[in-house]
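Results of the structural survey
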Amino acid sequence: MAVVRKLVVEVVEATNLSPKDGQGASSPYVVAHFHGQRRRTRTVIKDLCPQWGEVLEFAVKSSDVFGNALEIDVLHDKAYGPTTRNNSLGRVRLSSSQFVWKGEEALIYYPLRGKGWFSWVQGDIGLKIYYTVEVPQPPPPPQPPQPAAEEAKPLEADAAPTSPLREAEPKPPESAEQSLAPPDGAAAAGSTAPATPPADGEKPDEEPPNEDAPAPAPPSTEKAPPDVETTVEAESPETAEATSEDSQEVPPPSPAPSRTSMGPEIDAASHWVPPPPLPPELMAASVSASVPQVKFAGLNGPHPPMPPMTRTYTMDSLDSVVIERSSFDLVEKMHYLFVRVVKARHLPTNGTPVVKIVVSGTHIKSKPARKSASTAFFEWDQTFAFGRDAPESSSMLEVSVWDPPSAHVDRRSSSDVAGHNFFGGICFDASEIPLRDPPDSPLAPQWYRLEGGGAHHGDLMLATWIGTQADESFPDAWKTDTAGDVNARAKVYQSPKLWYLRATVLEAQDVLPLTAAALRETSFQIKAQLGFQMQKTKVSITRDGTPSWNEDLLFVVAEPFSENLKLTIESRLPRGPVVIGEATVPLMAIERRVEDRKVASRWFTFEDFSREKTVYKGRVHLRLCFDGGYHVMDEAAHVCSDYRPTARQLWKPPIGSVELGIIGCKSLLPMKTVNGKGSTDAYCVAKYGPKWVRTRTVCDTLDPRWNEQYTWRVYDPCTVLTIGVFDSWGWSESDGPQEAMPHDFRIGKVRIRLSTLQANRVYRNSYPLLLLSNAGVKKMGEVEIAVRFGRTAPTLDILHVYSQPLLPLMHHVKPLGMAQQELLRSAAVKIMAAHLSRSEPPLKREVVLYMLDADSHTFSMRKVRANWLRIINVLAELIDVVRWIEDTRGWKSPTATALVHALLIMLVWFPELIVPTLAFYVFAIGAWNYRFRARGPVPHFDPKMSLADVADREELDEEFDQLPSARPPDVLRVRYDKLRAIGARVQTMLGDLATQGERVQALVTWRDPRATGIFIMLCFVVAVILYLVPTKMVAMASGFYYFRHPIFRDRMPSPALNFFRRLPSLSDRMM
């Protein structure tokens, strides 16, 4: 059944409209245009702030709606007033890419624009715009004759309630439309995701069967011959994945339903009427893309030609676009021998047989087969990938079927064949196996007769080919370099959508009885808790039992909203706080906003849940909202990879994409000891924006090669891409002490700032993996990566981004404090780590914390000294300028001093040249430095600048010490004394700075009457001289006096400096 997509526009209100009726008012109405459709609201008579509250719906006629625009016009109705035409009160034009799905909408006020440059309009219009999907109810089927219904009862009793098979069964002509409807699962999926256009080569619509065609013949009950398959085969995983995104973009699709859940398939196959004969190359027929694809195939029937392979990159429910499959042009091709084992038939056993594969000295055993009750086939549907150095390397491939002695099969004993019943095997010459490279179509599995065993008529269906890591079967295949670990496969993760929950606590009422409240002053405090986050208001003192706060409490919340906000009011008594009542607020009932507008406040009741019957304990006045205009910080601001706000309505179009090719590592250090030798099971994690990627885990090698490529969309070039390398402890069993949940050990990390990359240029380099620990900095190896920043937006748009603020508007309209930002960032990191650790395979908590730099703000004496040296380095150029002026003033180079005098005369007599001269000087410096720009690898971690290579062991131990410290008291005493010594120096520096500022204030405060009198009289004389003498003469005289020859100077300090140093300060009043 086809779903209907609609665009819903809720016209709420407008504010501060222009008067257009000639009488100081307007009678506005709204007209909306979308995709050739027009909708209109009612007219509000003589109101400059009208409220409509109407819903306008538009049918989305095509799947490519993101190129359409919604136009909203606010007009004055000429029927109400002396005007002769419908005057425009403003218009709004919105791109359809800004709209969201139902449930994510928010009320947004758009400023009204005029139709031309000279149009006088004002005001805003409040709209809610979102997409929705509706499933129309099917018409009731016509009532069949009574005898036919009685004959159909036995068949309905045996058939499954819902299965893809029943969708493909022949039906009467009057139910032809229902035969093309998607299954219930597809309809449900369509209600939450946009419809995807059919891929090239698929039929967009299936023609209904001819109603004049004769009725189908009675079903045949004759058994099919054993060598011909008459069952309906579900769509293969390769076919299903050909039109979807591979595992490098989104998680792999769910496997096809097993035949045990498809109902009694044998009965359906026995009653199936074969279609008219077709050519052999068209034996596999496909139906429309809106229904599950089924194939009727004979023995070794070839698959039909597949459509070109594309994948859909999905960042969110609206941000989807079809792009070509990655060509893996940034990495090296790795050839693999793929073996896909599908199923077997005619095996003389009732057990769970396994398939053993031997190639190039590698022995692999499949999972136990599951027996289909409908077809009596033994099914595996498992793919194996064996690494090959080159596609022409030759070896023998042996595939055999065995029956284990018991139901329990030890998968690790792949080479042990004792006690197994051998059914037969197949041998292939690997040099004759075909080579497949996408976009080639997947190879169809074929039936092969098992030879040399107990199954004389047994057949095994499998497919073999040689491919690369770009093959769509590669992500979910068993791989030799991962040793078959199910948690070692590559995966793409999506960060949860984070919101700021703003809870404004206004006041409370009826918290104490009037008799008790009138006796004394009482202190109240409200405690708000959301999961592990807890915040408290200030203490409010009142005598009437109605405390007030008007205080904002901020929390971090992740979608879906599964928790409730709990509020507790406490009375602060001398013996301790006493809980008066509790209130619970469901998060689903809280309004969302994307701007700084007032939301409606609500009253919530406090109740006492400690008793058997809830008792009323007062009420609290709250203003709650989800602030979607903020960017929830989960990374440090200087290494952030995304600055977009939470609300999708405020997102701007991307300006390009960044492609990352993770090639491999070299010379890694062993992280653990397995079977008496050093071992490393390395994998790589990359993070940019809300998208995380994880490569497969290459086991037991110090030079792992991944050669995986990933792509992200870029919305801001001033962002950072982070790549980390880790050692997995989840697969191998080390010789050391075992932990219940072993942690993955960090190996190193690389950061790449996109603004340092040139557009469309490939940067392929090896970066050292440096790990800083309490033992010092250590090089753990090298990682080789390739990066390319592709620009899709025009050059002017990219340059315009540099003039925009980094953070969204709400961070400037209603900014958050630094301490509050750090608290919220810590909560966001914990939420994200908990979310990603629940994925499969999990992205462990320690990996997320290391990638997000959760411990970057801990105290470090090394960082204090490094930051001080950074400040000195920044001021070095200014210091050089001061030194050059002093050298010029001291006539060390008479020629340079003479030129400076000539320049001074020119700038004094032509002051309009000062700013152009400075600008040209800066341009000359930049053009000169262009010759010395960095042309090597992208800048990386600098251990010399970080002072990591010269850091003291005690400083590093203090840096990595946890809070609270676990060191002995003697160590803590030494650290405390050292900190006191440093604090004394900082204290002296701050005191000197305060003294200089107080001396400036003492110039006019008459703290020293004689000094103040001298200063103000000197200012009066200077004013009179400047009134009488031209400014140019004064400037030239001052310049010549400053650059006078040293023989005309005194070595003693100047009188002005002596006068300033004698001014009093408040340091003598310090105790």
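Residues numbered from 1 in each chain as written. Predicted model: local features only at pLDDT ≥ 70, side-chain atom pairs only at ≥ 80, totals over all residues. Heavy atoms only, no water.

**Topic: the overall build of the protein**
- If you tally the helices and strands in the protein, you get 19 helices and 44 strands.
- Considering only residue pairs separated by 6 or more positions, the protein has 72% of its internal contacts joining residues 24 or more positions apart. (Helix = DSSP H or I, 4+ residues; strand = E, 2+ residues; numbered from the N terminus. Contact = heavy atoms within 4.5 Å.)

**Concerning the sheet that holds strand 20 (residues 421-429)**
- Strand order in the open sheet formed by four strands is 16-15-19-20, and the pairing between neighbours is antiparallel. Two strands in the sheet have a free side with no partner beyond their single neighbour: strand 16 (362-365) and strand 20. Ignoring strand direction, the axes of neighbouring strands in this sheet form an average angle of 15°.
- Across six bridges, strand 15 (residues 354-359) lies against strand 19 (residues 396-403) in antiparallel orientation. Paired with Lys356 across the bridge in strand 19 is Ser400. (Pairing = 2+ DSSP bridges. Axes fitted to C-alpha atoms, helices over the stretch in contact; angles between N-to-C directions.)

**Quick look at the packing of helix 13 (residues 894-909) against helix 18 (residues 1031-1042)**
- In the contact formed by helix 13 and helix 18, the axes pass within 9 Å of each other and the chain directions differ by 165°. Here helix 18 runs roughly antiparallel to helix 13, going by the angle between their axes. Of the two elements, helix 13 crosses helix 18, and the hand of that crossing is right-handed. Seen from helix 13, the contacting residues are His901, Leu904, Ile905, Val908 and Trp909; seen from helix 18, they are Lys1032, Met1033, Ala1035, Met1036, Gly1039 and Phe1040.
- When its residues are assigned to classes, the contact of helix 13 with helix 18 shows eight nonpolar, two polar and one charged. (Parallel < 35°, antiparallel > 145°, perpendicular 65-115°, else oblique. Left-handed = near helix turned anticlockwise from the far one by under 90°. Nonpolar A, V, L, I, M, F, W, Y, C, P; charged D, E, K, R; others polar.)

**Some thoughts on the pairing of strand 41 (residues 720-727)**
- Most of strand 41 is tucked away: eight of the eight residues are buried.
- Of the two faces of strand 41, the one lined by Val720, Thr722, Gly724 and Phe726 and the one lined by Leu721, Ile723, Val725 and Asp727 are each fully buried.
- Note that strand 38 (residues 682-688) and strand 41 share six bridges and pair antiparallel. Bridge assignment links Val685 to a residue of strand 41, and that residue is Gly724.
- Both strand 41 and strand 42 (residues 745-753) contribute to a ladder of eight bridges, which runs antiparallel. Looking at the pairing, Leu721 lines up with Ile752 of strand 42. (Buried < 20%, exposed > 50% of the residue type's maximum accessible area, 1.4 Å probe, protein only.)

**With respect to the pairing of strand 22 (residues 459-467)**
- Most of strand 22 is tucked away: nine of the nine residues are buried.
- What you see with strand 22 is no split at all: Asp459, Met461, Ala463, Trp465 and Gly467 on one side and Leu460, Leu462, Thr464 and Ile466 on the other are buried throughout.
- Of the pairings in the sheet, the one linking strand 14 (residues 335-345) to strand 22 comprises nine bridges and is antiparallel in character. Note on strand 22: the bridge partner recorded for Tyr336 is Gly467.
- Pairing of strand 21 (residues 446-449) with strand 22 involves four bridges; the strand directions are antiparallel. Bridging from a neighbouring strand, Tyr448 pairs with Leu460 of strand 22.

**With respect to the packing of aromatic side chains**
- This model, assessed by the stated rule, comprises 21 aromatic pairs.
- Taken together, a centroid distance of 5.6 Å and an interplanar angle of 50° make the contact between Trp101 and Tyr131 tilted. In this pair, Trp101 is assigned in strand 7 (residues 100-101) and Tyr131 in strand 9 (residues 124-134), connecting sequence segments 30 residues apart. For the pair Trp101 and Tyr131, a shared accessibility class is recorded, and that class is buried. (Phe/Tyr/Trp six-rings, centres within 6.5 Å; stacked < 30°, edge-to-face > 60°.)

**A short note on the nonpolar core**
- Within the largest apolar cluster, 69 residues are counted, with the highest numbers of intra-cluster contacts made by Val556, Leu660, Trp692, Trp712, Leu769 and Ile785.
- If one sorts the elements of this core by residue count, helix 10 (residues 818-836) sits on top with eight residues.
- By size, the runner-up hydrophobic cluster in this structure holds 32 residues, among which are Phe58, Val60, Leu70 and Ile72. (Core = buried A, V, L, I, M, F, W, Y, C linked by side-chain atoms within 4.5 Å.)

**So, the environment of Pro577**
- Relative to the helices and strands, Pro577 resides in strand 31 (residues 576-586).
- Apart from the residues lying within four places of it in its own chain, the contact partners of Pro577 are Glu570, Ser571 and Arg572.

**Side note on the side chain of Lys497**
- When you line up the elements, Lys497 lands in the loop between strand 24 (491-494) and strand 25 (498-509).
- Residue contacts for Lys497: discarding those within four places in its chain leaves Glu104, Val557, Ala558, Glu559, Thr646 and Arg648.

**Observations concerning the pattern of salt bridges**
- A complete count under the given rule lists 54 salt bridges for this structure.
- Here Arg91 ties to Glu71 by a salt bridge, and the two come within 3.4 Å at their closest N and O atoms. Here the residue Arg91 occupies a position in strand 6 (residues 88-95), and Glu71 occupies one in strand 5 (residues 69-76), the gap between them amounting to 20 residues.
- In this structure Arg91 comes out as partly exposed when scored by relative accessible area, which is 27%.
- Salt-bridge contacts for Glu332 lead to Arg764; the nearest nitrogen and oxygen are separated by 2.9 Å. Of the two residues, Glu332 sits in the loop between strand 13 (320-324) and strand 14 while Arg764 sits in strand 43 (residues 762-773), which places them 432 residues apart along the sequence.
- Taken together, the shared-partner salt bridges connect Arg502, Asp552, Arg593, Asp596, Asp627 and Lys814 into one network. (Salt bridge = Lys/Arg side-chain N within 4 Å of Asp/Glu carboxyl O.)

**Quick look at the sheet that holds strand 40 (residues 705-714)**
- Here we have four strands laid out as an open sheet, ordered 40-35-44-43, and antiparallel in their pairing. Here the strands that pair on one side only, and so sit at the sheet edges, are strand 40 and strand 43. If you compare each strand with its neighbour and ignore which way they point, the axes differ by 30° on average.
- Bridge count between strand 43 and strand 44 (residues 776-791): twelve bridges; the pairing is antiparallel. When the bridges of strand 44 are listed, Ser773 appears paired with Gly776.

**A few points about the side chain of Glu54**
- In this fold, Glu54 is placed in strand 4 (residues 51-59).
- Glu54 has contacts with Val9, Glu10, Val11, Arg40, Thr41 and Arg42, leaving out every residue within four places of it along the chain.

**Digging into unusual backbone geometry**
- At the junction of Glu559 and Pro560, the peptide bond is cis and its omega measures out at 0° in the coordinates.
- Cis geometry marks the peptide bond from Leu963 to Pro964, where omega comes out at -5°.
- For Pro964, the location among the structural elements is in the loop between helix 15 (953-959) and helix 16 (969-1001).
- A positive phi angle is found at Asp510, which is not glycine, with a value near 60°.

**As for the confidence of the model for the protein**
- On average, residues of the protein carry a pLDDT of 78, and 78% of them reach 70 or more.
- In the model, residues 147-325 has pLDDT below 50 throughout and makes 259 contacts with residues more than four positions away in sequence or in other chains. (pLDDT = per-residue confidence, 0-100.)

**Some words on the environment of Val585**
- Residue placement: Val585 occurs in strand 31.
- What makes Val585 buried here is its relative accessible area of 1%.
- Expressed as a C-alpha distance, the spacing of Val585 and Lys566, which sit 19 residues apart in the sequence, is 6.4 Å.
- Among all residues touching Val585, those that are not within four sequence positions of it are Asn564, Leu565, Leu567, Ile590, Phe604, Leu622 and Leu624.

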